[in-house]
Amino acid sequence: MVVSDASPLINLAAIGHLDLLRALYGTVCIPNAVHREVTRFEEQPGADAVQSLEWVKAQSCPRPDLATALSEDLDAGEAEAIALAVESDSPLLIMDEQHGRTRADHFEIPCIGVIGVFIEAKDNEHIQAVRPYLDALQEDAGFHIDDQLYRRVLGDEGEL
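Residues numbered from 1 in each chain as written. Predicted model: local features only at pLDDT ≥ 70, side-chain atom pairs only at ≥ 80, totals over all residues. Heavy atoms only, no water.

Right, let's get into the overall build of the chain. Along its length, the chain carries 10 helices and five strands. For 160 residues, the compact-globule estimate of 2.2 N^0.38 gives 15 Å, and the C-alpha radius of gyration of the chain, at 15 Å, lies within 12% of that figure. With respect to the principal axes defined by its C-alpha atoms, the chain has extents near 45 × 35 × 25 Å. For the chain, with 160 residues in total, the buried portion stands at 47%. (Helix = DSSP H or I, 4+ residues; strand = E, 2+ residues; numbered from the N terminus. Rg over C-alpha atoms; globule rule 2.2 N^0.38 Å. Buried < 20%, exposed > 50% of the residue type's maximum accessible area, 1.4 Å probe, protein only.)

This is the structure in structure tokens:
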């Protein structure tokens, strides 16, 4: 099981690879605020999937007090995702937003972003290479990857 923020779901859906989350983690838990963010617009990538896939579980935030405190400098989805991960037995949080990841680190919640999902998918032999997925993120989802990070990831993965 993993807890996810909205942007990884949207970006993975935009490139047609939301299924990697199921292959890696089985169940993906999202707080209601993330569910609302992803499904707010019908045409948004992931909107249909989040509503119909049985392995994506929306749930109420177990710590609304914590989410409220976190929402002073995070959006509602990020705040509730962190609060949900805090209450999880074996938390792993998928979040791309750096400020949110820094806040999660304060609670000692391990975080990865969508790039980390691709690396883990390659390590677990669900995909053969990371490069096509990084390129699709940039080209099809409009996801910004810093050139230095792009080269470092490809170098680490032996794909330069």
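Turning next to the packing of aromatic side chains. Under the counting rule described, the total for this entry stands at one aromatic pair. Note on Phe118 and Tyr133: the rings are 5.2 Å apart at their centroids and 40° apart in plane angle, and the pair reads as tilted. Within this pair, whereas Phe118 is found in helix H8 (residues 114-123), its partner Tyr133 is found in helix H9 (residues 131-140), the two being separated by 15 residues in sequence. Exposure remark for Tyr133: the relative accessible area of 16% places this residue in the buried category. (Phe/Tyr/Trp six-rings, centres within 6.5 Å; stacked < 30°, edge-to-face > 60°.)

The next point concerns the environment of Cys61. With respect to the element layout, Cys61 can be found in the loop between strand E3 (56-59) and helix H5 (64-70). On the accessibility criterion, Cys61 (16% relative accessible area) is buried. Through-space distance from the C-alpha of Cys61 to that of Ala83 is 6.8 Å; in sequence the pair is 22 residues apart. Those residues within four positions of Cys61 in sequence are excluded, and the remaining contacts are Ala67, Glu80 and Ala83. (Contact = heavy atoms within 4.5 Å.)

This paragraph deals with helix H10 (residues 147-156). Considered for burial, the residues of H10 that qualify are Tyr150, Val153 and Leu154. Summarising the axial view, the buried residues of H10 lie within an arc of 95°, below the 170-degree limit, and thus occupy one face. Residues of H10 that are exposed and point more than 90 degrees away from the buried face comprise Gln148, Arg152 and Asp156. If you follow the buried residues of H10, they end up packed against H8 and H9. Two to three positions downstream of the cap, the backbone nitrogen of Gln148 sits 3.0 Å from a side-chain oxygen, assigning the N-cap of H10 to Asp146. Looking at the residues trailing H10, positive phi occurs at Gly158, about 70°. (Arc of directions from axis to C-beta. Polar contact = N/O pair within 3.5 Å; in protein donor to acceptor, adjacent residues only side chain to side chain.)

As a further point, take H9. An α-helical turn contains 3.6 residues, so a residue and the one three or four places further along point in the same direction. Tyr133, Leu134, Ala136 and Leu137 are the residues of H9 that are buried. Projected down its long axis, H9 shows its buried positions confined to an angular sector of 160°, all on one face. The inward-facing, buried residues of H9 contact helix H1 (6-14), helix H2 (19-25), H8 and H10. Positive backbone phi, at 70°, marks Gly142, one or two positions downstream of H9.

Let us look at the side chain of Thr39. Structurally, Thr39 can be placed in helix H3 (residues 32-39). For Thr39, the side chain forms a polar contact with the main-chain oxygen of His35, separated by 2.7 Å. Beyond its immediate stretch of four places on either side in the chain, Thr39 contacts Ala47, Val50 and Gln51.

This next bit is on the pattern of salt bridges. Under the defined criterion, the tally for this structure stands at six salt bridges. Measuring nitrogen to oxygen at the nearest pair gives 3.6 Å for the salt bridge that ties Glu54 to Arg22. Highlighted residues: Glu54 in the loop between helix H4 (47-52) and E3 and Arg22 in helix H2, separated in sequence by 32 residues. Residue Arg63 is joined to Asp65 by a salt bridge in which the shortest nitrogen-to-oxygen separation is 3.4 Å. A cluster of three or more residues bridged by salt bridges with shared partners is formed by Arg63, Asp65 and Glu87. (Salt bridge = Lys/Arg side-chain N within 4 Å of Asp/Glu carboxyl O.)

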